[in-house]
Amino acid sequence: MKNQSSNTVFDVDTIRKDFPILSRTVNGKPLIYLDNAATSQTPQQVVDVIVDYYSNYNANIHRGVHSLSQEATDKYENARRTIQQHFNAAHAHEIIFTSGTTHSINLVANGFASLLNANDTILVSALEHHSNIVPWQMLCEKTKATLKVIPMTSEGDLDMKVYDELLLLKPKLVFVNHISNALGTINPIEEMIQKAHHVGAAILIDGAQACPHIKPDVQKLDVDFYVTSGHKMCGPTGVGMLYAKESWLHKLPPYQGGGEMIAEVTFEKTTYAGLPHKFEAGTPNICGGIAFGAAIDYMNSIGFEAIAAYEHELLEYATEKMNTIEGMRIYGPKTNKTSVISFNIEGVHAYDLGTIVDKLGIAIRTGQHCAQPIMDFFKISGTARASFSFYNTKKEIDTLVEGLEKAAMMLR
Amino acid sequence: MNIETIQADLIDEFSIFDDWMERYEYMIELGKSLPMIASEFKTDDNIIKGCQSKVWLHAELENDTVVFTADSDAIITKGIVAILIRVFSNQSPETILKTNTDFIDEIGLKEHLSPTRANGLVSMIKKIKMYALAYQTQIGL
């Protein structure tokens, strides 16, 4: 199916050939993968990089004088530069490799433990994933600082009026996701960053749900910390990154002790290595880092503008089609969102819905999406969520809608 | 009724279905016909953890047999719990404890037996056995 309404050359059939998993069957039916917000699929180009690493140059990095170690180090550091360029960071050493978004957030939260005291306030948005709430609760327990929540409006947007009021408390830190995983809401982070800085607060943006769809420019955003995971953007699991302004990386203490992060060690004193190694203790996920870089290259070869345009088209198509289903309720904002549809069908439990459509080969998410506060807000026990990627098709959406109708008929 | 006979009946009933849809439709039907749990037992304490849907399970000892009542907000889960109640309710604690759950595999619902499934079938069985163990101890005393 050629996508004709877009100005770009976007041939989804050709793109799908890059993803071997998309041609498998599940329960005897062709797989329709609509759980992209949980994890994206991996193109052959990235799989090849992983195989190449273990087949040809697997070695520990940064310390070997031998050729394999050098090759692996070069590729790993090249991947860091790829990520730096992609996010337009000023320096490669402002990119810290982590095991993923959660690790990145914990690294920052842990660092702030030594910078906060009982009189301090930190702000977190009500639209957060659990991983972005718990580390701050732990931080507040440790430092006795106060955690305040930026609430949601009934539309599923952040209440910016309350945000303005909370900023009067002069918080030290603000945490918000770029895009909500449960609802797909795109938060006004430019405005939020500017306002946070105006009162002297640092701000961390969780970009896990944003990076598969848009290309953030950390310098233009003037953000202090930006975090994301490789597996949401066609890379492997177990690898992610923390971008932090150089000044912050100097201010924060190291997160973990171990090899790679030290300059000199005696039993009296250890001096830490320079950036980025100060935050990268131990042998990292070398292959993962290299494959993360390859995944970013792959996505850029398709182009984020083309991806965003096509996914928007899929979202509009899916919203229209799904709204024809009797009893359909879609949660979250109508516009200003990414290709995520969080929904319920009246009289049908999301778990039942997910179970039946799985039998039809369709993978959707059900439950609370690690975002219980959001579910409490809507007074529901959970939702079903279909999330679309640039390799999905309108035909798959048609099959989803048929599947949901069939399931609803069985279950009501 | 003898627990083996109940299991054999269930296997027999499910064997007439050719495909998953018919099996699930039957399971949904079983769920819908599950007798209502008394509202005073639909408490947070009776919720089984480990389910994506809510499952309430209550047990009482009557004439040395354990009587289970249950409910769920999801109909497939309710069907699963209805099957378990049909097998395990009105049995002696001893019988409940020594009975295995192979019949679930035999009625074509093996996929639900994986401990990582979000429906919590494994948690339900564990809870049923725990009640049986508790009542066995009580009778023994």
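Definitions and limits used
- Every chain is numbered independently, its residues counted from 1 as its sequence is written.
- Ligands are numbered from 1 and chains lettered from A, in the order in which they are written.
- Local features in a predicted model are, by the rule used here, given only for residues with pLDDT of at least 70; side-chain atom pairs are given and counted only at 80 or more, and totals for whole chains, interfaces and linings are based on all residues.
- Note: side-chain values were computed over all heavy atoms of the structure, leaving out hydrogens and water.
- Secondary structure elements follow DSSP: runs of H or I no shorter than four residues count as helices, runs of E no shorter than two count as strands, and numbering proceeds from the N terminus.
- We compute the radius of gyration from the C-alpha atoms alone; for a globule the expected value is 2.2 Å times N to the 0.38, where N is the number of residues.
- Residue burial is assigned from relative accessible area. The probe radius is 1.4 Å, only protein chains are included, and a residue is buried under 20% of its type maximum, exposed over 50%, and partly exposed in between.
- The predictor reports its confidence for every residue as pLDDT, a score running from 0 up to 100.
- Whether two residues are in contact is decided by their heavy atoms: any pair within 4.5 Å suffices.
- Boundaries of every domain are those given by an automatic assignment or by a domain database.
- Summed over both partners, buried area is the accessible surface (1.4 Å probe) that two parts give up on being assembled.
- The term salt bridge refers to a pairing of a side-chain nitrogen on Lys or Arg with a carboxyl oxygen on Asp or Glu at a separation within 4 Å.
- What qualifies as a polar contact is a pair of N or O atoms within 3.5 Å, subject to a donor-acceptor requirement within protein and to the restriction that residues adjacent in sequence count only when both atoms come from side chains.
- When two rings of Phe, Tyr or Trp (its six-membered ring) have centres within 6.5 Å they constitute a pair, described as stacked for plane angles under 30 degrees, edge-to-face for angles over 60, and tilted for the intermediate range.
- Any Lys NZ or Arg CZ that is within 6 Å of a ring centre and within 35 degrees of that ring's normal is treated as a charge sitting over the ring.
- Only buried Ala, Val, Leu, Ile, Met, Phe, Trp, Tyr and Cys residues count toward a nonpolar core, and they belong to the same one when joined by side-chain atoms within 4.5 Å.
- Expected helix span is given by 1.5 Å per residue-to-residue step, counting one fewer step than there are residues.
- The directions from the helix axis to the C-beta atoms form the arc being described.
- The pairing criterion for strands is at least two bridges between them, as found by DSSP.
- Here an axis means a line fitted to C-alpha atoms, over the contact stretch when the element is a helix, while the angle between two N-to-C directions is reported on a 0 to 180 degree scale.

Draft legend 1. Up close: the overall build of chain B. Of the regular secondary structure elements, chain B holds six helices and two strands. In sequence order, chain B lays out its α and β elements as α-α-β-β-α-α-α-α. A compact globule built from 141 residues would reach a C-alpha radius of gyration of about 14 Å, and chain B, at 14 Å, matches this within 12%. Considering only C-alpha atoms, chain B reaches an extent of 50 × 30 × 25 Å along its principal axes. The burial tally for chain B puts 49% of its 141 residues in the buried class.

Draft legend 2. Region of the structure containing the confidence of the model for chain A. When pLDDT is averaged along chain A, the result is 92; 97% of the residues meet or exceed 70. Note on residues 1–7 of chain A: pLDDT under 50 across the span, and 13 contacts to partners over four residues away in sequence or across chains.

Draft legend 3. Looking closely at the domain arrangement of chain A. Residues and elements named next belong to chain A. Per the domain assignment, the segments of chain A are domain 1 (12–42 + 303–411) and domain 2 (47–301). Distance from the C-alpha centre of domain 1 to the C-alpha centre of domain 2: 28 Å. Carbon and sulfur atoms supply 57% of the area buried between domain 1 and domain 2, which totals about 2900 Å² over both sides. At the boundary of domain 1 and domain 2, one finds zero salt bridges. Scanning the region where domain 1 abuts domain 2 turns up 14 residue pairs in polar contact (both at pLDDT 80 or more). Of all elements in the fold, only helix 11 (304–322), strand 14 (340–345) and helix 13 (372–377) reach the threshold of two or more residues within the side of domain 1 that touches domain 2.

Draft legend 4. Layout of the interface of chain B and chain A. Taken together, the contact pairs 18 residues of chain B with 15 residues of chain A. Regarding the contact of chain B and chain A, the summed buried area is about 1400 Å², with carbon and sulfur atoms giving 63% of it. For the chain B face of the interface with chain A, the top three residues by lost area are Trp-20, Gln-52 and Ile-76 of chain B, together amounting to 39%. Across the chain B-chain A interface, the total number found is zero salt bridges.

Draft legend 5. Structural view of the packing of aromatic side chains. Within this structure, the stated rule accounts for 19 aromatic pairs over all chains. Note on Phe-112 of chain A and Phe-225 of chain A: the rings are 6.0 Å apart at their centroids and 75° apart in plane angle, and the pair reads as edge-to-face. Taken together, the residues Phe-112 of chain A in helix 4 (residues 101–112) and Phe-225 of chain A in strand 9 (residues 225–229) connect sequence positions 113 residues apart. Just as Phe-112 of chain A is buried, Phe-225 of chain A falls in that class too. Following the ring pairs from residue to residue traces out a cluster consisting of Phe-19, Tyr-298, Phe-390 and Tyr-391 of chain A. Its end group placed over the ring of Trp-56 of chain B, Lys-42 of chain B keeps NZ or CZ at 4.7 Å from the ring centre.

Draft legend 6. Quick look at the side chain of Asn-46 of chain B. Structurally, the position occupied by Asn-46 of chain B is in the loop between helix 2 (20–32) and strand 1 (55–62). Here Asn-46 of chain B is in contact with Phe-41, Val-55, Trp-56, Leu-57, His-58 and Tyr-131 of chain B, once residues within four sequence places are set aside.

Draft legend 7. Highlighting the nonpolar core. Formed by 147 residues in total, the largest nonpolar core has its most connected members in Tyr-163, Ile-203, Tyr-226, Phe-343 and Phe-390 of chain A together with Phe-68 of chain B. By residue number, the principal contributor to this core is helix 10 (residues 286–302) of chain A, which donates 11 residues. Dropping the residues within four chain positions of it, Phe-343 of chain A is found in contact with Met-322, Met-328, Arg-329, Ile-330, Tyr-331, Leu-353, Ile-364, Thr-383, Ala-384, Arg-385, Ala-386 and Leu-404 of chain A. Judged by nonpolar contacts, the second largest core, of 26 residues, contains Ile-105, Ala-109, Leu-139 and Leu-252 of chain A.

Draft legend 8. How the structure looks around helix 1 (residues 3–15) of chain B. Residue and element names in this part refer to chain B. For helix 1, built from 13 residues, the straight-helix expectation of 18 Å at 1.5 Å per residue is met to within 8% by its first-to-last C-alpha distance of 18 Å. Considered for burial, the residues of helix 1 that qualify are Ile-3, Ile-6, Gln-7, Leu-10 and Phe-14. The arc enclosing the buried residues of helix 1, seen along the axis, measures out at 95°, which places them on a common side. In helix 1, the exposed positions angled more than 90 degrees off the buried face are occupied by Glu-4 and Asp-12. Buried residues along helix 1 sit against helix 2, helix 3 (75–88), helix 4 (93–98) and helix 5 (102–106). With a side-chain oxygen lying 2.7 Å from the backbone nitrogen of Glu-4, the N-terminal cap of helix 1 falls on Asn-2.

Draft legend 9. Region of the structure containing unusual backbone geometry. Residues and elements named next belong to chain A. A cis amide bond links Leu-275 with the next residue in sequence, Pro-276, at an omega value of 0°. Its place among the elements puts Pro-276 in the loop between strand 12 (270–272) and helix 10. Of note, the phi angle at Lys-144 is positive, near 65°, even though the residue is not glycine. Notably, Asn-336 is not glycine yet its phi reads approximately 55°, a positive angle. Within the element layout of this structure, Asn-336 appears in the loop between strand 13 (328–331) and strand 14.

Draft legend 10. Looking closely at the sheet that holds strand 13 of chain A. Residue and element names in this part refer to chain A. The strand order 13-14-17-16 describes an open sheet built from four strands, whose pairing is antiparallel. Of all the strands in the sheet, the pair left with one neighbour each is strand 13 and strand 16 (365–367). Between one strand and the next, the sheet's axes are offset by a mean angle of 30°, whatever the strand orientation. The pairing of strand 16 with strand 17 (residues 383–387) spans three bridges and is antiparallel. Note that in strand 17 the partner of Arg-365 across the bridge is Arg-385.

Draft legend 11. The sheet that holds strand 5 (residues 121–125) of chain A, seen in detail. All names here are of chain A. Read across the sheet, seven strands follow the order 4-10-9-8-7-5-6 without closing on themselves; strand pairing throughout is mixed. Either end of the sheet is taken by a strand with one partner, and the two such strands are strand 4 (95–98) and strand 6 (146–150). Averaged over all neighbouring strand pairs, the angle between strand axes comes to 20°, with direction disregarded. Alignment of strand 7 (residues 173–177) against strand 8 (residues 202–206), held across five bridges, turns out to be parallel.

Draft legend 12. Helix 7 (residues 189–198) of chain A, seen in detail. Residues and elements named next belong to chain A. Looking at helix 7, one finds that the buried residues are Ile-189, Met-192, Ile-193 and Ala-196. Projected onto a plane normal to the axis of helix 7, the buried residues spread over an arc of 100° and lie on a single side. Exposed residues pointing more than 90 degrees away from the buried face of helix 7 are listed as Glu-190, Gln-194 and His-198. Contacts from the buried residues of helix 7 go to strand 6, helix 6 (160–167), strand 7, strand 8 and helix 8 (218–221). Just past helix 7, the residue Gly-200 takes up positive phi, approximately 85°.

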